[in-house]
Amino acid sequence: MFMRIDHIGIACHDLEEKIALFEQTFELTVVARETNEEQGVKEAMLHIADGEGGGSYIQLLEPLSADSPVGKFLAKRGEGVHHVAFGVPDVAEAMQQIGGKGVRLLDERPRHGSMGSSIAFLHPKDVGGMLTELVQAARQPRT
Ligand code: MC0
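In this text the structure is predicted, and so the values were computed from the model without any measurement.

Parameters at a glance
Residues numbered from 1 in each chain as written. Predicted model: local features only at pLDDT ≥ 70, side-chain atom pairs only at ≥ 80, totals over all residues. Heavy atoms only, no water. 1 Å grid on protein atoms, 1.4 Å probe; cavity = no way out; pocket = protein on both sides within 12 Å on 5 of 7 lines; lining within 4 Å. Points joined across faces, edges and corners; volume = space filled by probe spheres on them. Helix = DSSP H or I, 4+ residues; strand = E, 2+ residues; numbered from the N terminus. Nonpolar A, V, L, I, M, F, W, Y, C, P; charged D, E, K, R; others polar. Core = buried A, V, L, I, M, F, W, Y, C linked by side-chain atoms within 4.5 Å. Buried < 20%, exposed > 50% of the residue type's maximum accessible area, 1.4 Å probe, protein only. Contact = heavy atoms within 4.5 Å. Salt bridge = Lys/Arg side-chain N within 4 Å of Asp/Glu carboxyl O. Pairing = 2+ DSSP bridges. Patch = residues over 30% accessible without salt bridge, like charges linked within 9 Å, V, L, I, M, F, W, Y side chains within 5 Å. Areas by Shrake-Rupley, 256 points an atom, 1.4 Å probe, with all protein chains shown as cover. Lys, Arg positive; Asp, Glu negative; His and termini not counted. Charge placed at Lys NZ, Arg CZ, Asp CG, Glu CD.

**Observations regarding the layout of surface pockets**
Its boundaries defined by the atoms lining it, the largest pocket holds a volume of some 810 Å³. Forming the walls of the largest pocket are 31 residues, and the residues nearest its centre are Pro-69, Val-70, Phe-73, His-82 and Leu-131. Of all the elements in the fold, those that place two or more residues in the lining of the largest pocket are β3 (41-51), β4 (54-63), α2 (69-77), β5 (80-87) and β7 (118-122). Take the lining of the largest pocket: its biggest share by element is six residues, from α2. Here the residues of the lining of the largest pocket sort into 13 nonpolar, nine polar and nine charged. Approximately 160 Å³ is the volume attributed to the second largest pocket. Along its surface, the second largest pocket is lined by 15 residues, and Gly-55, Tyr-57, Met-115, Ala-137 and Ala-138 are the ones closest to its centre. Of the residues that constitute the lining of the second largest pocket, the class distribution is six nonpolar, five polar and four charged.

**Let's talk about the nonpolar core**
In terms of nonpolar packing, the biggest core is built from 10 residues, these being Ile-10, Cys-12, Leu-15, Ile-19, Phe-22, Leu-28, Ala-44, Leu-46, Ile-58 and Leu-60. At the level of secondary structure, the elements contributing two or more residues to this core comprise α1 (15-26), β3 and β4. The biggest single contributor to this core is α1, with three residues. Filtering out sequence-adjacent residues up to four positions away, Leu-46 remains in contact with Phe-22, Glu-23, Leu-28, Thr-29, Val-30, Ser-56, Tyr-57, Ile-58 and Leu-60.

**As for the pattern of salt bridges**
Using the criterion set out here, one finds nine salt bridges in the structure. Notably, a salt bridge pairs Glu-16 with Arg-33, separated by 2.9 Å at the nearest N-O pair. A residue pair is termed long-range when its members are at least 10 positions apart, and Glu-16 in helix α1 and Arg-33 in strand β2 (residues 29-36) qualify at 17 residues. Here Arg-33 falls in the partly exposed class, since its relative accessible area comes to 48%. Note that Glu-108 and Arg-109 form a salt bridge whose closest N and O atoms lie 3.6 Å from each other. Here the two residues Glu-108 and Arg-109 agree in accessibility, since each one is exposed.

**Here we look at the pairing of strand β8 (residues 132-136)**
Of all five residues in β8, five are buried, a share of seventy percent or more. With burial as the criterion, each face of β8 is covered, one bearing Thr-132, Leu-134 and Gln-136 and the other bearing Glu-133 and Val-135. Bridge analysis of β5 against β8 gives four bridges, and the strand direction is parallel. Within β8, the residue paired with Gly-87 across the bridge is Val-135. Examined bridge by bridge, β7 and β8 share five bridges and lie antiparallel to one another. Considered in β8, the bridge of Leu-122 is made with Thr-132.

**Topic: a positive patch on the surface**
Together, Lys-72, Lys-76, Arg-77 and Lys-125 make up a positively charged patch on the protein surface. Here Lys-76 lies in helix α2. Classification of Lys-76 by relative accessible area gives exposed; the value is 75%.

Written as structure tokens, this is what we have:
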């Protein structure tokens, strides 16, 4: 079902400061930036590697407001790993399979994610305390 780790999402207060930190410390490069109003975030993707069906990234997330998911997370837990995202070939199919096993889906249908991807979240309480994201990259796996 999972092809690769698509990204690790890291919540931060100051996106530009954390981009500079990750670029300088790990010699990573920002390959995409986006403001996603629906998700309440301003974000940057730093490329790590290419994998099956898409790439692997560090995703830095700054909240657009205090009452957004990332804003609430920062207030409660502070900066750090917010979610882990796994690449799947077909997000709607993965939602159906995983939902059928009793895991709560936080989205009724796939939503717009980074770099043209389709995404859906799973409730952290149903998967060992880890907010989990399913990602179907815009670039489809080679057949
Ligand atoms: C909350 N909890 C978490 C968590 N956020 N556990 C692990 N990781 C997280 N990130 C825990 C809380 O500690 C709490 O546990 C319980 O879940 C319920 O949390 P809450 O604070 O009462 O409830 P809410 O209203 O904050 O909702 C949490 C929930 C929400 C995960 C349902 O944040 C959500 O729907 N997230 C999905 C969307 C999202 O995160 N979007 C931002 C990234 P206790 O034990 O205290 O009861 S968007 C993104 O990343 C896009 C751009 C992309 O990748 O392309």
